[in-house]
Amino acid sequence: MDSRVSELFGGCCRPAGGGAGAALRGRGGTAPGGGGGTKAKKKNGRSRGGKANNPPYLPPEAEDGNIEYKLKLVNPSQYRFEHLVTQMKWRLQEGRGEAVYQIGVEDNGLLVGLSEEEMRASLKTLRRMAEKVGADITVLREREVDYDSDVPRKITEVLVRKVPDNQQFLDLRVAVLGNVDSGKSTLLGVLTQGELDNGRGRARLNLFRHLHEIQSGRTSSISFEILGFNSKGEVVNYSDSRTAEEICESSSKMITFIDLAGHHKYLKTTIFGLTSYCPDFAMLVVSANTGIAGTTREHLGLAMALKVPFFIVISKVDLCSKATVERTVKQLERILKQPGCNKLPLLVNSDDDAVTAAQQFAQSPNITPIFTLSSVSGENLDLLKVFLNILPPLTNSKEQEELMQQLTEFQVDEIYTVPEVGTVVGGTLSSGICREGENLVVGPTDDGKFLRLKVCSIQRNRSACRVLRAGQAATLALGPFDRSLLRKGMVMVSPEMNPTICSVFEAEIVLLFHATTFRKGFQVTVHVGNVRQTAIVEKIHGKDKLRTGEKAVVCFRFIKHPEYLKIGAKLLFREGVTKGIGHVTDLQAITTKENGLEESLGPGQLSF
């Protein structure tokens, strides 16, 4: 795929050539754009020929994961009930606080269905189970099963969500991409403030951080907005004069939107947001009246190059005719199906589609849901909320536990000075657990050293937090630590880690686009996680030069100071129209003895 992503950066749009041929199969069984996951009803449960329909199936139930099939839950014995509760705890743990129950389905995936009375009794038992573990249930959808029966039978899909303990709510990060003036900030303003836009950008004013952004209406910096969902699936946002703390307290699931810049002038900021803040998903916003214009194709290419799953929102449908919206949808579908993307577009037109899209999207990397909505009229806005509410995390509890057992590593993305608090750093905890009062080392400095410091306090989503776990974003107060010693791209790690740094490294790259030839001595801006620095091409192994679309192992050297890198880390480099992607394959490491941890400790730099 990597060699074809270049088409999204510099190539022309080619007509669709195959791509999404087969109908979508999976939980819900919806075909893309097919108007819902519900089977068409047939008279008396039989087809026109009078023969019984073939029994419909879902994929067999998996041992792992947060999806559970249950044929029926009618009046279980006490022993059976306790077993069911234990099973629910396991599924909730696998889904990090969320589980989906399919009632009326056998373990092999056969859709049997239940009568009205059996379904009512089963839901009553499920509600008792949820109360036992401190969770709430929400019916996502009901579907009739039409085969070999004259009695109406249905299956019910139920979302079980646990009430948060100690504010460890499920947190998903969604990066917002799209061309300038496509309506990104306005859409986020409507979602997080709870009020529709007036058509002149009123909803986005609360999101801007600088005066020039308010004056121009264009985002130039990275801002964060939160949208919560409680255990019953209801939206929790800034409406009703809630504060950020109240949203966190009331929510069992949080969506953190990372609002990125759309203008090409701020592309480096957008790339930094995608590489540094580790978003779980990306939302590509496309204006219905302009279609794929400006940086839209480039942002799509960035999401694919960094392997960030993305869904598409077509905004401003209130300004266009139905034919114009359909033309934009077809334009997107054509690009998504072409070999460079090889995606399967799924147009969301109903609540049923939104449920199916959320489940399929997390299970298959090829599914791309498409929403059409308006931030002014509110048309189809609820479908996006349903989708975000059900959207499951990409990592399960086992992967999360493995990350938490590793040594502490915190990426420094932002640096602030707060009155009466001191120096504050913002970023993401890549691995391990970080506690209030913990001693860490930060670096590398310009001369390649690591400095000791102490974490005085932690805030997550603007609320105080004592413990930070792997994968979570937060701000850490460092007290009187000298801010001038810090910069973006540093890491704070456990002293036991013995961190290695390098100035020279090798990476296997694909040159996505270059006007002429890429050769030794060329300077590019390299992005690896939160690291962003200019590097010189020292050597291209096995070749003298590279052209667009070619692969090679290239040796880079940072021109300013050493950085903390890891083998296997995703890499993206750019210079003007030149762009490339790859991964780090080798490091010429400077050991801890060389970079001198102890020598870097001056009397004013200790914060024990």
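Residues numbered from 1 in each chain as written. Predicted model: local features only at pLDDT ≥ 70, side-chain atom pairs only at ≥ 80, totals over all residues. Heavy atoms only, no water.

- The protein chain is annotated in an unreviewed UniProt entry as GTP-binding protein 2 of Elachura formosa.
- UniProt, in its Sequence similarities (unreviewed entry) section for the protein chain, records the words "Belongs to the TRAFAC class translation factor GTPase superfamily. Classic translation factor GTPase family. EF-Tu/EF-1A subfamily." (UniProt positions renumbered as here; feature names shortened; annotations may be inferred.)

## A word on the pairing of strand 5 (residues 170-178)
- Among the 9 residues that make up strand 5, 9 are buried, leaving the element largely enclosed by the rest of the structure.
- Burial along strand 5 is two-sided: the residues Leu170, Leu172, Val174, Val176 and Gly178 and Asp171, Arg173, Ala175 and Leu177 are all buried.
- Where strand 5 lies against strand 8 (residues 253-259), 7 bridges are found, and the strand directions are parallel. Across the sheet, the residue bridging to Ala175 is Ile258, located in strand 8.
- Sheet analysis places strand 5 next to strand 9 (residues 281-287), joined by 5 bridges and oriented parallel. Residue Val174 lies in a different strand from strand 9, and its bridge partner there is Phe281. (Buried < 20%, exposed > 50% of the residue type's maximum accessible area, 1.4 Å probe, protein only. Helix = DSSP H or I, 4+ residues; strand = E, 2+ residues; numbered from the N terminus. Pairing = 2+ DSSP bridges.)

## Concerning the nonpolar core
- Counting 44 residues, the largest nonpolar core has Leu187, Phe257, Met283, Phe311, Leu384, Phe387 and Leu388 as its most contacted members.
- The element that contributes the greatest number of residues to this core is helix 11 (residues 381-390), accounting for 6 residues.
- Shared between two domains, this core holds at least three residues of each, these being domain 1 (67-162) and domain 2 (170-394).
- Discounting chain neighbours no more than four positions away, the residues touching Leu187 are Met283, Val285, Val313, Leu373, Ser375, Leu381 and Leu384.
- Within the second largest apolar cluster, 39 residues are counted, among which are Ile222, Ala303, Leu306 and Leu347. (Core = buried A, V, L, I, M, F, W, Y, C linked by side-chain atoms within 4.5 Å. Domains from an automatic or database assignment. Contact = heavy atoms within 4.5 Å.)

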